[in-house]
Amino acid sequence: MSETTRFAPSPTGYLHLGHAFAALFAAEAAGDAGTFLLRIEDIDRTRCRPEFDQAIDDDLQWLGLQWQVPVRRQSEHFAEFSVAFERLKEMQLVYPCFCTRREIAAEIQASAGAPHGPDGPIYPGTCRARSDTERRERLARGDLHAWRLDVAAARARVGQSLSFEESGGGPNGEHGTVRATPEVFGDVVLARKDVPASYHVAVVVDDALQGVTLVTRGNDLFPSTHVHRLLQALLELPAPRYRHHRLITDQSGRRFAKRDEDQTLRALRANGATPDDIRRMVGLTSR
Ligand code: GLU
């Protein structure tokens with residue numbers, strides 16, 4: 001079956017073995033007749049750097065991958081993400097959150113048994129309860145704020161039977177029709193002052209705009225897929241299928257991260273590794 005797939009790295013560091021596996025996996029999942037896309041997820045302008053963006057291109061070409069051009073750079077599409085965000089705002093499914101990180105941490109500390117999500121304790125919902133008058137006043141006065149999705153209201157709007165199709169195996173071997181449980185993250189942030197669109201909004205808008213039929217990504221993003229499914233339903237976007245994959249770890253079972261400089265593709269290449277060596281190192285057979 002031919003699919004449209006994508007590899008969507010953020011240019012915040014050099015690509016490492018984990019990225020190589022994700023890119024090769026996505027390209028292979030497209031199939032010979034399919035389309036493989038590269039998308040640069042660079043909405044966080046404080047963390048992304050042009051030299052890493054250029055390095056992504058070099059490293060993937062060296063690995064032997066080919067993708068459709070032009071490459072989509074998310075930083076060039078904030079206007080499109082804003083349209084999606086405004087729709088959610090019009091549906092009254094987002095609210096301004098004025099809490100600082102410190103206030104949220106204090107609130108969580110004070111409430112014994114605060115619910116935890118995949119990334120730790122979830123936002124206790126302090127600002128969800130504010131009145132419209134207070135919100136208007138604080139916004140008018142220019143108080144710093146983020147915008148959060150009211151996940152319970154969003155859930156009520158789309159109905160309870162929300163699911164996605166999984167053809168890989170999630171962190172717990174999930175396969176087939178998976179019931180979406182976006183509420184596990186609590187009220188996620190959808191926009192901030194410094195980054196006007198969140199990863200969640202940008203991903204669902206772009207996957208739809210680019211006609212992605214199969215999203216392949218690491219199991220670490222499995223919980224995010226549940227949030228994406230909810231946003232797709234709210235924004236009436238087509239739902240791609242999903243294939244989550246294993247994460248590449250070092251000998252001690254630790255995931256590679258940007259800090260593992262000797263495991264970047266450029267370091268391995270400088271030390272004489274070939275693209276086939278990289279394939280073997282991530283557990284793929286050589287071509
Ligand atoms: N940009 C994300 C990352 O670097 C992945 C995007 C996705 O698969 O949705 O981990």
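Residues numbered from 1 in each chain as written. Predicted model: local features only at pLDDT ≥ 70, side-chain atom pairs only at ≥ 80, totals over all residues. Heavy atoms only, no water.

**Student:** Please explain the site of the ligand as it appears in this structure.
**Tutor:** Within the structure, the ligand sits among R6, A8, S10, E41, Y199, V203, R217 and L221. Contacts to the ligand include E41, whose side-chain N or O atom sits 2.6 Å from a nitrogen atom. Taking R217, its side chain carries an N or O atom lying 2.8 Å from an oxygen atom of the ligand. Grouping the constituent residues of the shell around the ligand by class yields four nonpolar, one polar and three charged. (Near = heavy atom within 4 Å. Polar contact = N/O pair within 3.5 Å; in protein donor to acceptor, adjacent residues only side chain to side chain. Nonpolar A, V, L, I, M, F, W, Y, C, P; charged D, E, K, R; others polar.)

**Student:** What should I look at first to understand the sheet that holds strand β1 (residues 4–7) in this one?
**Tutor:** Whenever strands of a sheet pair, they do so through backbone hydrogen bonds, lying parallel or antiparallel. Taking strand neighbours across the sheet as the criterion, the three strands line up as β1-β2-β3 in an open arrangement whose pairing is parallel. Looking along the sheet, the strands with just one partner apiece sit at the ends: β1 and β3 (68–73). Strand-to-strand, the axes of this sheet are offset by a mean angle of 30 degrees, without reference to chain direction. Two strands pair when backbone bridges link them, and β1 and strand β2 (residues 35–40) are joined in this way by four bridges, in the parallel orientation. In the sheet register, T5 faces β2, and the bridge partner there is F36. Sheet contacts for helix α2 (residues 50–63): β1, β2 and β3; angle to β2, the most-contacted strand, approximately 155 degrees. (Pairing = 2+ DSSP bridges. Helix = DSSP H or I, 4+ residues; strand = E, 2+ residues; numbered from the N terminus. Axes fitted to C-alpha atoms, helices over the stretch in contact; angles between N-to-C directions. Contact = heavy atoms within 4.5 Å.)

**Student:** I'm lost on the environment of I278 in this one. Help?
**Tutor:** Summarising the element assignment, I278 is placed in helix α10 (residues 275–281). Taking the relative accessible area as the measure of exposure, I278 reaches 0% and is therefore buried. In this structure, the C-alpha to C-alpha distance between I278 and Y242, residues 36 residues apart in sequence, is 25 Å. If we ignore the near neighbours within four places in the chain, the residues touching I278 are L17, A20, W62, L63, L265, L268 and A273. (Buried < 20%, exposed > 50% of the residue type's maximum accessible area, 1.4 Å probe, protein only.)

**Student:** Would you mind showing me how to read the pattern of salt bridges here?
**Tutor:** When charged atoms on two side chains of opposite charge get close, those side chains can pair. Scanning the model with the defined rule gives 27 salt bridges in all. The shortest N-O distance in the salt bridge between R266 and D58 comes to 3.8 Å. Taken together, the residues R266 in helix α9 (residues 265–270) and D58 in helix α2 connect sequence positions 208 residues apart. On the basis of relative accessibility, which here comes to 31%, the residue D58 falls in the partly exposed class. Here R128 makes a salt bridge to D187, at a shortest N to O gap of 2.6 Å. A residue pair is termed long-range when its members are at least 10 positions apart, and R128 in the loop between β6 (120–121) and α5 (132–140) and D187 in the loop between β9 (176–179) and β10 (189–191) qualify at 59 residues. For R128, a relative accessible area of 37% corresponds to the partly exposed category. Here D187 falls in the buried class, since its relative accessible area comes to 2%. (Salt bridge = Lys/Arg side-chain N within 4 Å of Asp/Glu carboxyl O.)

**Student:** Any chance you could explain the packing of aromatic side chains here in plain terms?
**Tutor:** The description of two aromatic rings rests on the distance between their centres and on the angle between their planes. Summed over all chains, the structure comprises six aromatic pairs. Ring plane angle 90 degrees and centroid distance 4.9 Å describe the contact between Y14 and F52, whose orientation is recorded as edge-to-face. Here Y14, found in the loop between β1 and α1 (17–30), pairs with F52, found in helix α2; they are 38 residues apart in sequence, far enough to count as distant. Here Y14 falls in the partly exposed class, since its relative accessible area comes to 31%. Taking the relative accessible area as the measure of exposure, F52 reaches 9% and is therefore buried. The interplanar angle of 55 degrees and the centroid separation of 5.7 Å between the aromatic rings of F21 and F25 together place this pair among those described as tilted. Note that F21 and F25 are positioned in helix α1 at a spacing of four residues, about one turn of the helix. Relative accessible area serves as the criterion here: at 3%, F21 is assigned to the buried category. Under the relative-accessibility criterion, F25 is labelled partly exposed at 21%. (Phe/Tyr/Trp six-rings, centres within 6.5 Å; stacked < 30°, edge-to-face > 60°.)

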